[in-house]
Structures are given as C-alpha cells and as structure tokens.
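# Survey of secondary and tertiary structure
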Amino acid sequence: TEIYTLSLHDALPIYCIGMAFYETGLELARRLAALIDPDADPAACDRACQRVCQCLALLDRPAETEAAYYDLLSRSPEPEQHMKVSYALAMLYTRLRGPVSQQHRRALAHLNTAIVIADRLDDPHERALRSVLMDNGKAVVELRLGHLDEALRLVNGAIGRLDSDLPGQDVPHRPTLCHNRGQILAALGRADEALADFDQVIGADPDYPEYRFDRGNLL
C-alpha cells in the first residue's frame, strides 16, 4: 500500500506539470517529498525534489528554484544527479526574465560541468544522448551571448553525433536540435536554411506552437 501510494503521488505532480497546473503540482510534489525518508530511499527523494524544482521554475520563482537545486547538489554525490542539476541550473540562469537577471557565464560554467560528466558515462547509448543534450544546451547559451558561429558549431556537432552514434533511431532530442539550429541560422541571416529546419520540425511535431511562431516571425 505504501509503495502504491508513493507511486500515485509521484504520478500526480507529473500530470499537473503536463496540464500546466503548476501551483497544484508544487503542493503535491512537496507533500510527496515529505512522505519519503531520504536515508531509506534517496533516489525517490531526489525525484520528488526535482518535481518541486520544475514547478518553481515554471512558476517563474527563480530564487526559490536556485536554492532548491543547490540543496539537491549538496545532498547527492551521484555524478548523474550533478549532471542533470547542473544542466537545469544553466537553463535557469540563461532564461531568467530580463537581461539584468540573466547570468550566461554562470550558465556556461554549469554546462561545462554537465558536459564533463556526460562524456564519461559508461553506457555508450546514454553517453551519446546526454552529450548531445548538453551540447545543445551550451549552444542555447552561446546564442544568447551572441556567439552565433560557436552556437552553430555545437548544434551541428550534436546532430552529427546523433547520426553517427545513434543512426536510424527515433531520438526525442532531434526536433529540438533542428529548431535551435533554425533559430541560429535565422540570427545569422540565413533565412532559407532556417525555414527548412522549421519546416522539418513542424513536420515531425505539428502540434507544438513555438515552432510555428518562430517560422511565422521569420517570414
């Protein structure tokens, strides 16, 4: 009964995040974290705390999100946990509302940590996927810093790694990579190439609105 209850509580915050019920998701994630003994089940505790962080970030509460992520880092010695949280902190710092609040150099520092860990994962499939994701995140920061050529190099390298290390596989990161490359190409003034990337991602995921907004803005 206890395992079933914890599983149900774990599913509810995920459902709320998907439905954009972020306040409710935050409340449920905090309840879930309070039910778990961190010494008996540290992995479950970390998952619950990550749900709390997700909801706080989506509610645009960066100071609380930052504190929650650093609490996770302080309690876990696991490399993969540090990789995931370092990536999440980088995205938080580079996407804070308003240019005064953004901290792109700090974001790059965390991404470099995540990249080092990802490149040393034992499983080759997981290593390729994680490295691609981290390089894509770094490209986002480089784009915001105005380093367009470096951002394009990182995204093209990530796409090339998918093709070489995971050929023929349906990888969920691929549309995101093409979308980001389209944004970089648009910033470089290479409109026809950018439109080709936007068309590709809309074909792969026609119900995601951001792709269509970016294509419309470019047109």
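Quick look at the structure, then. (Residues numbered from 1 in each chain as written. Predicted model: local features only at pLDDT ≥ 70, side-chain atom pairs only at ≥ 80, totals over all residues. Heavy atoms only, no water.)

### Things to note about the overall build of the chain
Each helix and strand in the chain was counted, giving eleven helices and zero strands. Counting from the amino terminus, the chain carries its helices and strands in the arrangement α-α-α-α-α-α-α-α-α-α-α. A compact globule built from 219 residues should have a C-alpha radius of gyration of about 17 Å, and the chain, at 18 Å, falls within 12% of that. When the 219 residues of the chain are sorted by exposure, 41% land in the buried category. Within the chain, residue pairs in contact and separated by at least 24 positions form 52% of the contacts whose partners lie at least 6 positions apart. Counting only carbon and sulfur atoms, one obtains 53% of the accessible surface of the chain, whose full area is about 11900 Å². Taking the average location of the 23 positive side-chain charges in the chain and that of its 33 negative ones, the two points are 3 Å from each other. (Helix = DSSP H or I, 4+ residues; strand = E, 2+ residues; numbered from the N terminus. Rg over C-alpha atoms; globule rule 2.2 N^0.38 Å. Buried < 20%, exposed > 50% of the residue type's maximum accessible area, 1.4 Å probe, protein only. Contact = heavy atoms within 4.5 Å. Areas by Shrake-Rupley, 256 points an atom, 1.4 Å probe, with all protein chains shown as cover. Lys, Arg positive; Asp, Glu negative; His and termini not counted. Charge placed at Lys NZ, Arg CZ, Asp CG, Glu CD.)

### Observations concerning unusual backbone geometry
Despite not being glycine, Ala20 shows a phi value in the positive range, around 65°. For Ala20, the location among the structural elements is in the loop between α1 (2-18) and α2 (22-35). The class for Ala20 is partly exposed, based on a relative accessible area of 44%. Non-glycine residue Asp60 carries a positive phi angle of around 60°. Assignment of secondary structure puts Asp60 in the loop between α3 (42-58) and α4 (62-75).

### Topic: helix α6 (residues 104-118)
With 15 residues, α6 extends 20 Å from end C-alpha to end C-alpha; this agrees with the ideal 21 Å at 1.5 Å per step. When we look at burial in α6, the residues that qualify are His104, Ala107, Leu108, His110, Leu111, Ala114, Ile115, Ile117 and Ala118. Here the buried face of α6 lies against α4, α5 (79-95) and α7 (124-144). (Expected span 1.5 Å × (residues − 1).)

### Topic: the packing of α5 against α6
Working note: a packed helix pair is described by the angle between its axes plus the distance between those axes. Contact geometry of α5 with α6 gives a least axis separation of 8 Å together with a crossing angle of 155°. Taken together, the axes of α5 and α6 are roughly antiparallel relative to one another. As α5 packs across α6, the resulting crossing turns out to be left-handed. Between α5 and α6, the contacting residues are Pro79, Glu80, His82, Met83, Ser86, Tyr87, Leu89, Ala90, Met91, Tyr93 and Thr94 on the first element and His104, Arg106, Ala107, His110, Leu111, Thr113, Ala114, Ile117 and Ala118 on the second. Residue composition of the contact of α5 with α6, grouped by class: twelve nonpolar, six polar and two charged. (Axes fitted to C-alpha atoms, helices over the stretch in contact; angles between N-to-C directions. Parallel < 35°, antiparallel > 145°, perpendicular 65-115°, else oblique. Left-handed = near helix turned anticlockwise from the far one by under 90°. Nonpolar A, V, L, I, M, F, W, Y, C, P; charged D, E, K, R; others polar.)

### Quick word on the state of the cysteines
Throughout the structure, instances matching the rule amount to zero disulfides. Take Cys55: it sits in no disulfide, and the sulfur closest to it among the cysteines is that of Cys16, at 7.5 Å. (Disulfide = S-S within 2.5 Å.)

### What about the environment of Leu143?
Looking at the secondary structure, you find Leu143 in helix α7. By relative accessible area, Leu143 is classed as partly exposed at 24%. Sequence-wise, Leu143 and Gln183 are 40 residues apart; in three dimensions their C-alpha atoms are separated by 8.8 Å. If we skip the residues at most four places from it in the chain, Leu143 touches Leu148, Ala151, Gln183, Ile184 and Ala187.

### Overview of helix α9 (residues 173-187)
Taking 1.5 Å as the rise per residue, α9 with 15 residues should run 21 Å; its terminal C-alpha atoms sit 21 Å apart, in good agreement. Taken together, the buried positions of α9 are occupied by Leu177, Cys178, His179, Asn180, Arg181, Gly182, Ile184 and Leu185. Buried positions along α9 lie against α7, α8 (148-165), α10 (191-204) and α11 (209-218). Just downstream of α9 lies Gly189, where phi reads positive at about 85°.

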